[in-house]
2 protein chains.
Amino acid sequence: MGVTRSDLFTDEQNKIAQVAKGLAHPARIAIIQYLIKVNACINGDLVNELGLAQATISQHLRELKELDIIQGTIEGTRISYCINQNTLKTIQKEFNTLFDTASKGDNCC
Amino acid sequence: MGVTRSDLFTDEQNKIAQVAKGLAHPARIAIIQYLIKVNACINGDLVNELGLAQATISQHLRELKELDIIQGTIEGTRISYCINQNTLKTIQKEFNTLFDTASKGDNCC
DNA sequence: TTTATTCATTGCAATATTACGATTAATATT
DNA sequence: AATATTAATCGTAATATTGCAATGAATAAA
């Protein structure tokens, strides 16, 4: 065990959970917020900004990149990272869909 | 290591990450969706619905309860669970705040 | 060419999460 | 009282995540 039984759930449920997992670390929230603020930056900037080791930042960036929340452009020895606004908009819609249906029901117990 | 350095981040960043972590499992998404659909249900209903063991469902319910996303009312030997709509609305606002600022900037790299 | 800069990757240790059987506690039912 | 139902909790195993030092690869600068 220790492994999520994703076979038991719908693609939609797995997808939302996966995105939520991508947002489930304050460093990754901080990276997203910083990228929104400065539009684009490199790994080294985030190391200074967040105070985590370079390898750790790199790991968080990879996770965000795998979810297509950010993208990177090679510039010599540097890689310029930025937000993928389309993905973020899609995620926002998915969360809102989940939340909106809740406010329609009667209250409860 | 293996422990999140939450001291490095703002309360807001930690809070959003914590909520995201609560949503970061398909079973918990499924529980939320099911509760929205049927308004209220008990642990046993979710065991049948999701196909996970009773102890596992109980664990997921506790996590959702700790985040105040759901609440439970004791009814004899049963506990009736339901969505806490206020919390869900607050969460929705927090996520939208995070995402909305992103669409204002220039695109990027 | 040598050195510096930048970042991904690897390997490891510490901790967290997921899942479930077994047990316990509490209330209903007979 | 004895039994059934329901769900929390405990203990344990398997796996995932977090963090960092060290290394490697790639380009830039001297």
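Notes on the structure follow. (Residues numbered from 1 in each chain as written. Chains lettered and ligands numbered in written order. Predicted model: local features only at pLDDT ≥ 70, side-chain atom pairs only at ≥ 80, totals over all residues. Heavy atoms only, no water.)

### Quick look at the overall build of chain A
Within chain A, the regular secondary structure consists of five helices and two strands. N-terminal to C-terminal, the α/β element order of chain A is α-α-α-α-β-β-α. The C-alpha atoms of chain A give a radius of gyration of 17 Å, which is well past the 13 Å a tight globule of 109 residues would have. Taking the principal axes of the C-alpha coordinates as reference, chain A spans close to 55 × 35 × 25 Å. Split into buried and exposed, the 109 residues of chain A put 44% on the buried side. (Helix = DSSP H or I, 4+ residues; strand = E, 2+ residues; numbered from the N terminus. Rg over C-alpha atoms; globule rule 2.2 N^0.38 Å. Buried < 20%, exposed > 50% of the residue type's maximum accessible area, 1.4 Å probe, protein only.)

### Structural notes on the protein's contact with DNA strand D
The environment of DNA strand D is formed by 30 residues, the closest being Gly-2, Arg-5, Ile-42, Ser-58 and Tyr-81 of chain B. Atoms of DNA strand D within 4 Å of the protein: sugar and phosphate make up 67%, bases the balance. In the model, a phosphate oxygen of DNA strand D is placed 3.3 Å from a nitrogen or oxygen of the Arg-28 of chain A side chain. Taking Arg-5 of chain B, its main chain carries an N or O atom lying 2.7 Å from a phosphate oxygen of DNA strand D. Put simply, the parts of the chain that give the surface near DNA strand D at least two residues each are helix 4 (54-66) of chain A together with helix 3 (43-50), helix 4 (54-66) and strand 2 (78-83) of chain B. For the surface near DNA strand D, the per-class residue count stands at ten nonpolar, 14 polar and six charged. (Near = heavy atom within 4 Å. Polar contact = N/O pair within 3.5 Å; in protein donor to acceptor, adjacent residues only side chain to side chain. Nonpolar A, V, L, I, M, F, W, Y, C, P; charged D, E, K, R; others polar.)

### Thoughts on the interface of chain B and chain A
Every contact between the two is made by 49 residues of chain B and, on the other side, 49 residues of chain A. Between chain B and chain A the total buried area reaches about 4300 Å² when both faces are included, carbon and sulfur atoms providing 67% of it. The tally of links from chain B across to chain A stands at eleven residue pairs in polar contact (both at pLDDT 80 or more). Of all the secondary-structure elements, those providing two or more residues to the side of chain B that touches chain A are helix 1 (11-22), helix 2 (26-38), strand 1 (70-75), strand 2 and helix 5 (85-100) of chain B. Here the element with the most residues in the side of chain B that touches chain A is helix 5 of chain B; it accounts for ten residues. The residue inventory of the side of chain B that touches chain A, partitioned by class, reads 26 nonpolar, 17 polar and six charged. (Contact = heavy atoms within 4.5 Å. Buried area = accessible area lost by both parts, 1.4 Å probe.)

### Here we look at helix 1 (residues 11-22) of chain A
Spanning twelve residues, helix 1 of chain A covers 16 Å between terminal C-alpha atoms, matching the ideal 16 Å at 1.5 Å per step. Buried within helix 1 of chain A are the following residues: Gln-13, Asn-14, Ile-16, Ala-17, Val-19, Ala-20 and Gly-22 of chain A. Next to the buried residues of helix 1 of chain A lie helix 2 (26-38), helix 4 and helix 5 (85-100) of chain A together with helix 1 and helix 2 of chain B. (Expected span 1.5 Å × (residues − 1).)

### Digging into the protein's contact with DNA strand C
Gly-2, Arg-5, Ile-42, Ser-58 and Tyr-81 of chain A are the nearest of the 30 residues found near DNA strand C. What you see for DNA strand C is that sugar and phosphate hold 67% of its atoms within 4 Å of the protein. Take His-25 of chain B: an N or O atom from its side chain is 3.0 Å from a phosphate oxygen of DNA strand C. Going through the elements one at a time, helix 3 (43-50), helix 4 and strand 2 (78-83) of chain A together with helix 4 of chain B are the ones with two or more residues in the surface near DNA strand C. For the surface near DNA strand C, the element with the most residues is helix 4 of chain B, which contributes five residues. A breakdown of the residues in the surface near DNA strand C according to their chemical character gives ten nonpolar, 14 polar and six charged.

### A look at the relation of the copies chain B and chain A
Overlay of chain B on chain A (RMSD 0.0 Å): rotation 180 degrees, translation along the axis 0.0 Å. The two molecules are tied by a two-fold rotation axis, judged by turn and shift. The position closest to the rotation axis in chain B is occupied by the C-alpha of Ala-20 of chain B, lying 2.5 Å away. With an isologous cut-off of 70% or more, the 100% of interface residues of chain B that recur at the interface of chain A puts this contact in the isologous class. (Least-squares fit on C-alpha atoms with pLDDT ≥ 70 in both.)

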